[in-house]
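# Examination of the molecular architecture
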Amino acid sequence: IETPYAAGWQGRIIGRFGDKLYVLASDQENEKMVRGAKAWKLKRAYPTQDREGRRAIGFTFDDVAANLFFKLTSASIGKPLCIMLDNIAISAPNIESAISSSGVITSPKGFPQTEVEDMVNKLNAGSFPARLSEVPISEKTIGPAIGADNRSQGILSGEAALIAVSVFMIAYYLFGGFIADIALVLNILFLLATMSVLRGTFTMGGIAGMVLTIGMSVDANVLIFERIREEQKRGSSLRSAIANGYARAFRTIFDSNVTTFFTAAILYLVASEEIKGFALVLMIGIAWSMFTALFVTRLIFDFLTRKNLITGQLKMLGLFGGININWMKLRPVFLTFSGVLIIGGMIVFFTRDEKVNSKYDIEFTGGTSVQIDLKEGTGFDRGVVEKKFQDYARSINNTAMAAAKVYSIGQSGLQYEITTTETNSTTATVTFSKPGQTVEALTQRIHQAEDANDFILSKLVVTAKDAQTFNVSTSRVNAAMVKQILSTAVGQDGTASEPQVNEVVADAVRNTFGDYLVVQKNLRPQVVSVEKINDTTGELAEFLGGIKIVCKLDQEILAGELLDRIRGIRFKPDMQDIKWYHYELLSDNLAALNPEDKINQFVYVSSHPEAGYRELSETEWNNYIENEKSKLLAAGSMESTLSRVTQIDPSVGDEAKTRAIIAVVLSLLGIVGYIWFRFGTARYGVAAIASLIHDVLITLGVVTGCTYIANTVFGKTLLIEDFKINLDMIAAILTLIGYSLNDTIVVFDRIRENRGKDALPTAKIINDSINQTLSRTILTSFTTFLAVFVMYTWGGSGFRGFNFAMLFGILIGTYSSIAIAAPILLLGGGKKKETA
């Protein structure tokens, strides 16, 4: 078995062939555990420590693997265990004891940090069903420009939001607000520290989790202070008011946090990686907000009262006092208003023309990625490139390209990647020899041909010209494969024309930047010599049995640019049959080339996967040579103004969309169960879910409808854009669910308190409960709204879609807690109970 390591294999039987090491391992039935008839899985590998605190690697198996591994290790104690991944030996720890479902890989001196990271990554990668190629399809360093643009604005607006919320808390709750601000700052610091210890990375979903955490932390303090206010009105002493305030607020805070934590836990288990970031930050933030709001602030109050540093009453402003509104009488108005919003929003959502302007972003729809290289001295930064392309798209009324995003590549400031949901398209005509075919029948034939060729024609559209002729359109730009699929589908019954590629996005890029683009010229490559590599000890030992090609160019080129050309061949439709092997570019004297080296002659070496193991047949060898020569000649002859155009398939987005929907549904079901348990009847859970669905549907409708006012004076004044539904927007929807639920539980908890032992509340109890909690409902919503509003205004366009959904969601969530969730509790309760 080949191994990349020389160290760490002492005492093993090691052999060398060329520059590769091989280790002898047992292949006996009772001494091996490989993926075979019994499908087993390594669930997870992770960094950990041994009993002495040294770095180690932990791992867990599924049930099938646990049983097999126990049998293997119990019979092999004291022996080394060879760990293989893709037939490469990556480690050989000694077996110290029988291991079942989980274990730890240790070293007498502990592992270096880099080796731990390498091993964990390789073990976790082993769960993939396919081996990764040694040759990457492409290597790209995305520059920090778009992140830097939003990061500076995000940090500034985040600080401003924190200051605004802190000032409001002090202005309204005076000294109590100052203590709440201490808890808020500690909560943020604890959250950041925990993420640092866990080596977590803040994604957009993570930022969503932090926003909700800050809102819930302030909410908890508002609930406590409002309870203290009520106790002081009853005549309680300051110390008693504080004690009773914390005691009475605890249940509400606990229920609202537990339900949100439960939702986050389900999301973390079943959602996509981006949503898991949201869930992780939210769970950590909930834990710390409970600690700071209930323990830290209580500790400060106890210290101050015990030392008599505060006496008398805890002063605070008192808005919204003495309100007595008959909310239940307004139920018909609320239900009619909400019904109009939901129906209108869903009409906008489902009737929006996806062909003209998709409501989904590129993660869900697929799209096109175009890499451009600008000439020296152009002077365009990322923002200018993005604005110029979007302005051109608007001039031709292409709304999809008008919402394109631009990323910088590398550090040169001259390479950019433009991504858009718009796609290039390929069209062809299918003609049958006899009439009688239908669009449905041809579509079915094409799907069968797709299965046979293992190639999907994304965004397939079939239209009939007449009884025998049909037009076929697809977003796939591989003309050869499109022709093959259609020919297979038609068979002997007709013919398929040569597909025509309509380069919508590429043409728009060329028209936008024109003379600013670097033109790739034909280098007129010539193959000077071809020879087999037989060197077992020299510079080319790694490529033993492979091929060495000396190639000459008509003009000089940077080595890095030539390498990019070779990699870019993968994306040319007419190069689909080219095979890829491990390769390298070298100078004439076989020295490694730097990307900045100028060359007009080079040496290309590659190794066939079977080279060095056996002699290739004459046919295999000739095919191998022609494959490599075709690759070099095509790369050197390439003429283009665009270095790479990549079509992005939507299949991954479809999976992410499905997983997000499943996660939300499971979360809602979990909420019903918990609220049913806590409040004694499923009625409360159903009411909460109805309120959340109400909020989500209306928010989706409003977000989708923003496209119709984005370019108006009104829309530009309000900073409204053509917001797309992407993973960031899903994170905003999840944040909205958590926040709306928090507000709803505050009202429900007061209803539970006021109803006493009655199974169902009356209209009067609900009215009184809403009026009693109205101040804290408005105040908690206002503080979060204030923070998000600052982020929306100053946080940059990268955050704007998320922040818009949050702003509107806070408003509609506050409304639904009062006007939707609470009135639903009366449905089905009987007229006698309601009129009582």
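Everything numeric here is computed off the predicted structure, so don't read it as measured data. (Residues numbered from 1 in each chain as written. Predicted model: local features only at pLDDT ≥ 70, side-chain atom pairs only at ≥ 80, totals over all residues. Heavy atoms only, no water.)

## Some thoughts on the overall build of the protein
- The helix and strand inventory of the protein stands at 23 helices and 21 strands.
- Every one of the 836 residues in the protein was classed for burial, and the buried ones make up 48%.
- The long-range share in the protein, meaning contacts at least 24 apart out of those at least 6 apart in sequence, stands at 74%.
- Summed over all atoms, the accessible surface of the protein reaches about 40,100 Å², with 57% contributed by carbon and sulfur. (Helix = DSSP H or I, 4+ residues; strand = E, 2+ residues; numbered from the N terminus. Buried < 20%, exposed > 50% of the residue type's maximum accessible area, 1.4 Å probe, protein only. Contact = heavy atoms within 4.5 Å. Areas by Shrake-Rupley, 256 points an atom, 1.4 Å probe, with all protein chains shown as cover.)

## Side note on the confidence of the model for the protein
- Here the protein averages 80 in pLDDT, and 85% of its residues register 70 or above.
- Below a pLDDT of 50 lies the segment residues 127-138, which in the model reaches 17 contacts outside its immediate sequence neighbourhood of four places, other chains included.
- Confidence drops under pLDDT 50 across residues 140-147; counting only partners more than four residues distant or on other chains, this segment forms 21 contacts. (pLDDT = per-residue confidence, 0-100.)

## Some details on the pattern of salt bridges
- Per the counting criterion, the structure on display carries 28 salt bridges.
- One salt bridge in this structure joins Arg445 and Asp493, with 2.7 Å as the shortest N-O distance. Here the residue Arg445 occupies a position in helix α12 (residues 439-453), and Asp493 occupies one in the loop between α13 (479-490) and β15 (494-496), the gap between them amounting to 48 residues.
- Lys764 is paired through a salt bridge with Asp768; the nearest N and O atoms lie 2.9 Å apart. On the criterion of helical spacing, the pair formed by Lys764 and Asp768 is a turn pair, its members being four residues apart in helix α21 (residues 763-794).
- By relative accessible area, which is 54% here, Lys764 ends up exposed.
- In this structure, a network of salt bridges that share partners links the residues Arg227, Glu230, Glu231, Arg234, Arg248, Arg750, Glu753 and Arg776. (Salt bridge = Lys/Arg side-chain N within 4 Å of Asp/Glu carboxyl O.)

## Considerations on the nonpolar core
- In terms of nonpolar packing, the biggest core is built from 89 residues, with Met169, Phe225 and Phe748 touching the most fellow members.
- Those residues in contact with Met169 that sit more than four places away from it in its chain are Leu174, Gly177, Ala180, Asp181, Val218, Asn221, Val222, Phe225 and Thr783.
- In this structure, Ile566, Ile569, Leu585 and Ile599 belong to the second largest nonpolar core, which totals 27 residues. (Core = buried A, V, L, I, M, F, W, Y, C linked by side-chain atoms within 4.5 Å.)

## A word on the sheet that holds strand β5 (residues 55-61)
- Read across the sheet, three strands follow the order β4-β5-β8 without closing on themselves; strand pairing throughout is antiparallel. Each end of this open sheet is capped by a strand with a single partner; those strands are β4 (42-49) and β8 (102-105). Between one strand axis and the next, the sheet turns through 25 degrees on average, direction left out of account.
- Sheet topology places β4 next to β5; seven bridges connect them, and they run antiparallel. Residue pairing for β5: Leu42 is matched across the bridge by Phe61. (Pairing = 2+ DSSP bridges. Axes fitted to C-alpha atoms, helices over the stretch in contact; angles between N-to-C directions.)

## Description of empty space enclosed by the protein
- Using the criterion set out here, one finds six cavities of 30 Å³ or more in the structure.
- Size it by volume and the largest cavity reaches roughly 60 Å³.
- Leu223, Arg227, Ala249, Thr252, Val746, Asp749, Arg750, Thr773 and Arg776 are the residues that line the largest cavity.
- Those elements giving two or more residues to the lining of the largest cavity turn out to be α5 (204-233), α6 (238-270), α20 (727-755) and α21.
- A total of three residues in the lining of the largest cavity trace back to one element, the largest contributor, which is α20. (1 Å grid on protein atoms, 1.4 Å probe; cavity = no way out; pocket = protein on both sides within 12 Å on 5 of 7 lines; lining within 4 Å. Points joined across faces, edges and corners; volume = space filled by probe spheres on them.)

## Concerning the environment of Gly491
- On the secondary structure map, Gly491 appears in the loop between α13 and β15.
- When the C-alpha atoms of Gly491 and Ala449 are compared, they prove to be 9.9 Å apart, with 42 residues separating the residues in sequence.

## Comments concerning the pairing of strand β18 (residues 547-558)
- Examined bridge by bridge, strand β17 (residues 526-532) and β18 share six bridges and lie antiparallel to one another. Residue pairing in the sheet places Ser529 in a bridge with Val550 of β18.
- Of the strand pairs in this sheet, β18 and strand β20 (residues 598-607) are connected by eight bridges, and their pairing is antiparallel. Residue pairing for β20: Lys548 is matched across the bridge by Val605.

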